[in-house]
Each structure stands twice: as structure tokens, then as C-alpha cells.
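So you can see what is in the structure, the chains are spelled out below.
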Amino acid sequence: MRSPPPSRRSGNAEARRPPRRARILALAVALALPPPGGAEAPVNGCTVRDAVDWLYVGPTPRHVDFACCAYAPPCVKIRPGRTVRWLGDFTFHPLRAGLVIGGGTQSQPGNPIPAVDSGTNSGQISFADAGSWGFYCNFHWATDAMYGAVIVALFADGFETQDTSEWSLVFP
Ligand SMILES: [Cu+2]
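Every value quoted in this text rests on a predicted model; they were computed, and no experiment measured them.

Student: What is the right way to read the overall build of the protein chain from this model?
Tutor: Each helix and strand counted, the protein chain has 3 helices and 13 strands in total. Taking all 172 residues of the protein chain together, 28% fall into the buried category. Residue pairs in contact within the protein chain that sit at least 24 positions apart in sequence constitute 58% of those at least 6 positions apart.

Student: Please clarify how the sheet that holds strand β9 (residues 125-127) should be interpreted in this entry.
Tutor: Sheets are built from strands paired through backbone hydrogen bonds, the pairs being either parallel or antiparallel. The 4 strands lie next to each other as β3-β2-β5-β9, forming an open sheet whose pairing is mixed. The outermost strands of the open sheet, each flanked by one partner alone, are β3 (70-72) and β9. With direction set aside, neighbouring strand axes in the sheet form an average angle of 30°. The pairing of strand β2 (residues 63-67) with strand β5 (residues 82-87) spans 3 bridges and is classified as parallel. Bridging from a neighbouring strand, D65 pairs with L87 of β5.

Student: Would you mind showing me how to read the pairing of β5 here?
Tutor: Regular strands place their side chains on alternate faces of the sheet. As paired elements, β5 and β9 share 3 bridges and run antiparallel to each other. Within the sheet, the bridge partner assigned to R82 lies in β9 and is F127.

Student: Help me out: how do you make sense of unusual backbone geometry in this one?
Tutor: Backbone geometry follows two general trends: most residues other than glycine have a negative phi, and most peptide bonds adopt the trans configuration. The linkage connecting C68 with the following residue, C69, adopts the cis geometry, with an omega of -5°. The residue after A72, namely P73, is reached through a cis peptide bond having omega -5°. Note on placement: P73 falls in the loop between β3 and β4 (75-78). Notably, N44 is not glycine yet its phi reads approximately 50°, a positive angle. Judged by local crowding, N44 falls into the buried class, with 24 C-beta atoms found within 10 Å. Not every positive phi belongs to a glycine, and A145 is a case in point at roughly 50°. Looking at where A145 falls in the secondary structure, it is placed in the loop between α3 (141-144) and β11 (147-152).

The rules behind each value
- Residues numbered from 1 in each chain as written.
- Predicted model: local features only at pLDDT ≥ 70, side-chain atom pairs only at ≥ 80, totals over all residues.
- Helix = DSSP H or I, 4+ residues; strand = E, 2+ residues; numbered from the N terminus.
- Buried ≥ 20, exposed ≤ 12 C-beta atoms within 10 Å, placed from the backbone.
- Contact = placed C-beta atoms within 7 Å.
- Pairing = 2+ DSSP bridges.
- Axes fitted to C-alpha atoms, helices over the stretch in contact; angles between N-to-C directions.

Following this line, the structure appears as C-alpha cells:
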């Protein structure tokens with residue numbers, strides 16, 4: 001009578017190890033490199049497809065207004081190196097950079113959005129790097145879902161044709 005092959009004799013955990021590592025690797029690649037024009041995990045409820053398109057407008061219209069208790073618009077997309085301004089009463093709606101995930105907030109390394117606790121005009125905030133940069137109101141993110149994101153995306157058309165079907169969040 002033949003004994004079972006070594007992989008069976010060593011147990012399920014041993015046998016499953018390579019597929020699990022392969023799945024984790026695949027997930028890491030998928031997170032780092034969203035497919036051009038493909039599905040994308042929302043950041044603070046925002047996706048490239050649904051974000052208000054500020055790729056082809058000048059600096060004047062690129063402002064996020066806020067009052068109790070929402071940002072308007074909450075989700076925008078801009079070109080690398082461009083700016084966004086926040087206008088509203090920061091004393092009652094302190095601006096914070098970061099992610100709202102699973103009932104909590106998380107910092108986001110590289111996010112250029114400053115903490116603003118007073119005044120009514122953030123000034124122009126520059127976004128040098130591609131990414132989905134989250135922001136939220138420190139008083140109302142939990143109670144009113146007062147958050148959003150500035151998505152700095154790269155588009156295959158080089159901003160020539162206004163065809164935004166092909167995009168990436170990473171520099172090649
Ligand atoms: Cu608020």
C-alpha cells in the first residue's frame with residue numbers, strides 16, 4: 001500500500017501556503033496599480049469616475065465650499081501640481097487630512113492637506129503627487145459623513161483630448 005504524497009501528509013495549512021501568498025501578492029499589486037479605467041476602491045466615498053472633473057478648468061472654480069454639514073463638491077479630480085481651495089467656517093468645521101474607514105479616521109502619508117482650525121479660506125493647497133487624498137471635518141465626519149477626497153490622477157491622453165477613460169494613480 002502506498003503512503004499519501006508529502007503535501008497531504010503535512011496538513012492543510014502547509015498545503016495552502018503558496019496559494020495564500022499568491023493571493024496576497026495579487027492583492028498588493030491590485031492596490032498599488034489600479035487598472036487604467038478599471039474598478040477602484042472608493043476613498044472617503046470618492047472614485048475617479050464619479051469625482052467632479054476639474055482637469056480642464058482654471059484655478060478660480062477649484063474650490064470646495066462647506067457648511068453644516070457637507071462639502072460641495074466632496075469629490076474632485078485635478079491634475080498633478082494644481083491647487084484646491086476650501087471656503088467655509090473652519091472654526092465650526094475644522095479641516096483634517098486623512099481617511100474615514102470603518103468608523104474611525106486614519107492619517108494618510110503624503111497627504112498635502114493641512115489641518116485648518118480657524119478662518120474662512122484655506123488658501124490654495126497644492127497637490128504635487130498623484131493619489132486619492134482624503135479630507136474630513138473633525139467635528140462631523142462621523143455624524144454627518146462630512147468628508148471627501150481630492151483625486152490627483154494621471155490620464156493617458158496627456159490632458160489633450162479630455163478623454164479620461166484611461167487613468168492611473170501612480171507615475172509610470
Ligand atoms: Cu463640520
